[in-house]
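Report on the structure
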Amino acid sequence: VRPPVVIVGSAGSGKTVLTLEKIKQLNGNVLYVTLSPFLVDNSTKLYYSDNYINEKQDVDFLSFKEYLDTLRVIPGKELDYRSFNAWLQPRKQAFGIKDTYKLFEEFRGVITGLDITKEYLNKKDYLSLGIKQSIFLNEEREKVYEVFIKYLEFLNENGFYDMNMISFQWLKYNRNKYDFIVIDEVQDFTNIQLYLVLKSLKTEGNFILCGDSNQVVHPNFFSWTNVKTMFYKHDITGSNINVLSTNYRNSIDITTIANKLLKIKNARFGSIDKESTFLVESLEVNKGQVNFYMDSAAVRNQLNHSTGRSTKYALLVMTQEEKAIARKIFKTPLLFSIHEAKGLEYDNIILVNFISNNSREFNQIAQGISKKDLEDESFTFSRGKDKADKSLDAYKFYINSLYVGMTRAIKNLYILETSKKHEILTLLDLVENKQQLNIKTEVSSLDDWQEEARKLEMQGKNEQAEEIKKTILALQKPDWEPITRENIDELKKKALDPDNYNKKAKDLVFMYALLYNDNPCIAQLAELKYKKAESPEYERNSINRKYYIDYQSDNVKGIEQKIRKYGINYRDQFNLTPLLAAVENGSIRILNFLLEQNADTNVLDNHGRNPFRIAINKSYFTPNANTKLDDIFSRILSNDIRVKVNDRMVKIPNRKMEYFLLNI
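In short, a report on the structure. Since the model is a prediction, treat every value here as computed from it, not as a measurement.

What counts and how
- Residues numbered from 1 in each chain as written.
- Predicted model: local features only at pLDDT ≥ 70, side-chain atom pairs only at ≥ 80, totals over all residues.
- Heavy atoms only, no water.
- Core = buried A, V, L, I, M, F, W, Y, C linked by side-chain atoms within 4.5 Å.
- Buried < 20%, exposed > 50% of the residue type's maximum accessible area, 1.4 Å probe, protein only.
- Helix = DSSP H or I, 4+ residues; strand = E, 2+ residues; numbered from the N terminus.
- Contact = heavy atoms within 4.5 Å.
- Pairing = 2+ DSSP bridges.
- Axes fitted to C-alpha atoms, helices over the stretch in contact; angles between N-to-C directions.
- Phe/Tyr/Trp six-rings, centres within 6.5 Å; stacked < 30°, edge-to-face > 60°.
- Salt bridge = Lys/Arg side-chain N within 4 Å of Asp/Glu carboxyl O.
- Parallel < 35°, antiparallel > 145°, perpendicular 65-115°, else oblique.
- Nonpolar A, V, L, I, M, F, W, Y, C, P; charged D, E, K, R; others polar.

Observations concerning the nonpolar core
Ranked by size, the top nonpolar core spans 55 residues in total, and within it Tyr548, Tyr551, Phe574 and Leu594 carry the most contacts. Taken together, the elements giving at least two residues each to this core come down to α21 (488-495), α22 (503-515), α23 (519-527), α24 (536-547), α26 (556-566), α27 (578-585), α28 (588-596) and α29 (611-621). For this core, the element with the most residues is α22, which contributes 8 residues. If we ignore the near neighbours within four places in the chain, the residues touching Phe574 are Ile483, Leu508, Met511, Tyr512, Leu515, Tyr516, Tyr547, Tyr548 and Asn606. Within the second largest apolar cluster, 50 residues are counted, among which are Met318, Phe354, Ile369 and Leu430.

This is the structure:
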């Protein structure tokens, strides 16, 4: 099938795998892009597994942020929710804003990102939006826009940027580079992001879109119909719309309740579009379980005791604010709001008060629906019962959130609600389980938790990863401040000041200069009568003995104790991770140990060298002493290197010859 192609599939349907197989059929310059760096990394590894080679194509696997940087490197820092919340919290009362995350999403998906002809909506345009185009009611929008003006000032004054505003600004740097473009998890993109990416096509229509509109938990009001309206100059027929209705991940009971929720959604709101009107069939042999319990202190305590130390259980709540309440009893680090849950999957999911804390919204959703409306096993395209009432669209977020929460569970789902008097519980055939909770207590190993923290960091879930390090791994912050590229100049200024003899600064700068072969700095220290600098080579061994004795002796146990204390990728005084230090010292046993523990191979020292580049350097300058490194070259490759060329970022994967040449 030739592009344009739409691949529609639920969570666990294998849509990404199918998309990657379709890419193999394409020739020329191809772009695979999605919002998640974690998905990019996984897709790249899957695509090139078994040493796949296709000389007829050149594929760029990029996150959307990386794609923007290939047009022009973005100055400043992307504004995340944590920074936004820190700015808004002291001002919430003055602004009259209750729901911080709702406001964050309105800024990022409605006021910016919605209209592809402007950087952001002016006040008049925003106030005139229809009910289906905003998550705030008409009477609330005046106040929202006032806060948005303050938000723009905050961005400018603090060096942050908004991804949608940058997307509009970056249109002027765009060029027709790609023969084909593949956009994965397209439902998470805003209009301006989609428009910018597809403007990179040499030929309009040569794209593959992959996603699921039932997983929209952001206010971009995504539908396949909107995408076709905005981008298609081609008629999309049934031949190039691929609907994947099979589920390879979720258990039978999870799929069953998710399908019931889709039926409720269809009965109440009508179909989003024809492409999203399908039920899912599970191919899992595991039946799984869906349990509904009344929320109580006893149930929470028992769940917390049985699951709090296991990497196989995650707890989901609807909003960021609810996480603080849940933490009072639940001690698991794996606590997520629904916005954080996208892309996650765990054997067991605990949903806490998704319905009870939003009873008004779910009562509206269930209104006028009977079990008879849900009996038909066929699932056909239909319009909503009340076509005139557009206000109902605001409630789709809640049912989509419940759907996403349920489908994060691979095997079992535990639903806790403070009340069972919700009509939607009846429609879902959820009956209170009055038996005592009987979950066998599970305690995952420290290695399992370390791996979980690593995965979460890759997915951008830094809050949960840090919580694992603090509460489970009990990692400590080192009692030194690493010398980095950002602070070395200030330290040198103190050490090389002729009018102020600072011995501590001189000692640190001298050791740093020895390690990084900064001979001009050593010469300057010698001119200032710093005695050690007069015979630097004599001092090199003393530095190795003081800081790198375990690496010199290839003492795995010594390094293991340190990473248990500080973490697998901690930075020493000279900004080397254990892996960087092991390569520098040719410590093969330590290297093998660190690689088995999934140490990060993408790390850089202060000269911008990755482990692979250091190994090449050592092998060239000391070939006899470092032939033992030869066997580990392929294992310490970074995924790629990024270089800045004329204000643009170029990402070079490790399978290209340029990667090797730039590392020499």
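We are not done yet, so read on.
Overview of the sheet that holds strand β15 (residues 409-417)
Pairing within the open sheet is parallel, and its 5 strands lie in the order β11-β15-β14-β12-β13. One side of each edge strand has no neighbouring strand; the edge strands of this open sheet are β11 (289-294) and β13 (335-337). The average angle at which neighbouring strand axes cross in this sheet is 25°, direction not considered. Strand direction decides the pairing type here: strand β12 (residues 313-317) and strand β14 (residues 346-352), joined by 4 bridges, are parallel. Along β14, the bridge assignment pairs Leu316 with Leu351. Running over the sheet, helix α12 (residues 252-269) touches β11 and β15 and is turned about 55° from β15.

With respect to the packing of aromatic side chains
In the structure shown here, the tally under the stated rule is 37 aromatic pairs. Ring geometry for Phe107 and Tyr151: centres 4.8 Å apart, planes at 45°, overall tilted. With a gap of 44 residues between them, Phe107 in helix α6 (residues 100-111) and Tyr151 in helix α8 (residues 141-158) connect regions that are remote in the sequence. Each member of the pair, Phe107 as well as Tyr151, carries the same accessibility label: buried.

Topic: the pairing of β15
Taken across its 9 residues, β15 has 8 buried, putting it largely inside the fold. The pairing of β11 with β15 spans 6 bridges and is classified as parallel. Within β15, the residue paired with Gln289 across the bridge is Asn412. In terms of strand pairing, β14 meets β15 through 6 bridges, oriented parallel. Bridging from a neighbouring strand, Ile350 pairs with Tyr414 of β15.

Focus on the pattern of salt bridges
Tallied over the full model, the rule gives 38 salt bridges. Between Lys143 and Glu146 there is a salt bridge, and its shortest N-O distance comes to 3.7 Å. One end of the pair, Lys143, and the other, Glu146, are both in helix α8, 3 residues apart, so they sit about a helical turn from each other. Take Glu146: its relative accessible area is 42%, and that puts it in the partly exposed class. Measuring nitrogen to oxygen at the nearest pair gives 3.6 Å for the salt bridge that ties Asp447 to Arg564. Taken together, the residues span a long stretch of sequence, with Asp447 in helix α19 (residues 446-458) and Arg564 in helix α26 at a distance of 117 residues. With relative accessibility at 36%, the residue Arg564 sits in the partly exposed group. A network of salt bridges, in which partner residues are shared, links Glu66, Asp640, Arg642 and Lys651.

Quick word on the packing of α27 against α29
Following both chains from N to C, one finds α27 and α29 inclined at 10°, their axes separated by 9 Å at the closest point. Taken together, the axis directions place α27 and α29 in an arrangement best described as roughly parallel. Of the residues in α29, those in contact with Leu579, Leu580, Val583 and Glu584 of α27 are Pro611, Ile614, Ala615 and Lys618. For the contact of α27 with α29, the per-class residue count stands at 6 nonpolar, no polar and 2 charged.

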